[in-house]
Amino acid sequence: MDQNGLKLAAAAAALQYIEDDTIIGVGTGSTVNFFIAELLKVKHRIKAAVSSSEASSKLLRAGGVEVMELNDAGTLSLYVDGADEVTANLAMIKGGGAALTREKIVAAASKIFICIADESKLVQVLGTFPLPVEVIPMARSFVARELVKLGGHPEWRVREIDGVMKPVITDNGNWILDVHGLKITDPVAVETIINQITGVLTNGLFARRGANVLLLATSDGVKTIV
Ligand code: 5RP
């Protein structure tokens, strides 16, 4: 099975966790896009969704799912999202799609976090994937210097628009530093330390509130790790 087939298998397996007539949290990314496609087939079962990005909200609304503000939704029964890296202890690096802050908020407001991933995302030690850090724009250079003191190599995330390199702007109007070179053996400690740097909105370590369930799609089927 190719990687898209694995993503679809993990996404489809998450449907079994949905309780009827509840509001669910929906994450961001290519794996979640498969989840949204599967969710639309059973959309009558849920009351509404809270989404972690404008991109996912657009897909959900286009498919006829009501998208609510988290402030109006209360505690969510479930949050389904992907990961850039995940350990067997269910700590993750997220934010490859620049949605980390809203992802962390929706995850925090949910009873259960289901991580959906293909087997390429499973790692023993987090940090090969550069750790995304969302920063308030005026603090970018200061935060970058602080991250260097922690042993990282921050890189300002940019993308090409009409032939010109421009900073990636998050849904919250901020910038992303991708931190290379961190070997994160204590994810809870690193998450806490980076969040203490003034000017950091969030970092992409999800260890203090990791996933409750990992649905890991492998060539031998979808494994459930709790
Ligand atoms: C977006 C995320 C995504 O969950 C993460 O990047 C995984 O994406 P994909 O499913 O496309 O590999 O954190 O901010």
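All residue numbers here refer to positions counted from 1 along the written sequence of the relevant chain. The predicted origin of the model limits local features to residues at a pLDDT of at least 70 and limits the giving and counting of side-chain atom pairs to 80 or more, whereas totals for whole chains, interfaces and linings rest on all residues. The basis for every side-chain value is the complete set of heavy atoms in the structure, and neither hydrogens nor water enter the calculation.

Trainee: Describe the layout of surface pockets, naming the residues involved and giving the relevant values.
Mentor: The calculated volume of the largest pocket comes to roughly 300 Å³. In the cavity and pocket records, a cavity denotes points on a 1 Å grid over the protein atoms alone where a 1.4 Å probe fits but cannot get out, a pocket denotes an open set with protein on both sides within 12 Å along at least 5 of 7 lines, and lining residues are residues with an atom within 4 Å of a point. Around the largest pocket sit 15 residues that line it, and Val50, Ser51, Glu69, Leu70 and Arg102 are the ones nearest its centre. A per-class count over the lining of the largest pocket returns six nonpolar, five polar and four charged. Grid points are joined across faces, edges and corners, and a volume is the space filled by probe spheres set on the points. Any residue outside Ala, Val, Leu, Ile, Met, Phe, Trp, Tyr, Cys, Pro, Asp, Glu, Lys and Arg is labelled polar, Gly included; the first ten of those are nonpolar and the last four are charged.

Trainee: I'd like a description of the side chain of Asp84, backed by residues and values.
Mentor: Looking at the element boundaries, Asp84 is found in the loop between β3 (78–81) and β4 (85–86). This buried residue, Asp84, is left without a salt bridge; Lys121 holds the nearest opposite charge, at 5.2 Å. In protein, a polar contact requires one atom able to donate a hydrogen and another able to accept it; more generally it is a pair of N or O atoms within 3.5 Å, and residues adjacent in sequence count only if both atoms are side-chain atoms. Polar contacts involving the side chain of Asp84 include one to the main-chain amide nitrogen of Gly95, which spans 3.2 Å. Within polar-contact distance, the side chain of Asp84 engages the backbone nitrogen of Gly96 at 2.9 Å. Whether two residues touch is decided by their heavy atoms; if any such pair falls within 4.5 Å, the residues are in contact. When residues no more than four places from it in sequence are discounted, the contact partners of Asp84 are Ile93, Lys94, Gly95, Gly96, Lys121 and Phe129. By definition, any uninterrupted DSSP run of H or I lasting at least four residues is a helix, any uninterrupted run of E lasting at least two residues is a strand, and each is numbered from the N terminus. For each residue, the accessible area found with a 1.4 Å probe, counting protein chains only, is set against the maximum for its type, and the residue is called buried under 20%, exposed over 50%, and partly exposed in between. The sign given to each residue is positive for Lys and Arg and negative for Asp and Glu; His and the chain ends receive no count. Take a side-chain nitrogen of Lys or Arg and a carboxyl oxygen of Asp or Glu: if they are within 4 Å of each other, that pair is a salt bridge.

Trainee: Outline the sheet that holds strand β12 (residues 200–203), supporting the account with residue identities and numerical values.
Mentor: Sheet strands line up and pair through hydrogen bonds in the backbone, either parallel or antiparallel. Here, a strand pair is defined by DSSP locating no fewer than two bridges between the strands. The antiparallel open sheet is built from four strands, whose spatial order is β8-β11-β7-β12. A strand with exactly one partner marks an edge of an open sheet, and here the two such strands are β8 (153–156) and β12. In this sheet, neighbouring strand axes are inclined to one another by 30° on average, regardless of whether the strands run parallel or antiparallel. Bridge count between strand β7 (residues 131–135) and β12: three bridges; the pairing is antiparallel. Across the sheet, residue Val135 finds its bridge partner in β12, namely Val200. Comment: axis = line fitted to C-alpha atoms, over the contacting stretch for helices; angle = value between 0 and 180 degrees taken between N-to-C directions. Here helix α5 (residues 100–108) sits on the sheet and contacts β7, β11 (175–180) and β12; the angle it forms with β12, its principal contact strand, is near 70°. Strand contacts of helix α6 (residues 140–149): β7, β8, β11 and β12, with the helix running at about 15° to β11, the strand carrying the most contacts.

Trainee: Residue-level account of the packing of helix α1 (residues 3–13) against helix α2 (residues 30–41), with values.
Mentor: Packing of α1 against α2 leaves a shortest axis separation of 8 Å and a crossing angle of 55°. When the axis of α1 is compared with that of α2, the two are oblique. Once α1 is placed against α2, the crossing between them reads as right-handed. Residues Asn4, Lys7, Leu8, Ala11 and Ala12 of α1 lie in contact with α2, whose contacting residues are Ser30, Thr31, Phe34, Phe35 and Glu38. Between 65 and 115 degrees an angle is taken as roughly perpendicular, under 35 as roughly parallel, over 145 as roughly antiparallel, and anywhere else as oblique. Each crossing gets its hand from how the near helix is turned against the far one by less than a right angle, where anticlockwise is left-handed and clockwise is right-handed.

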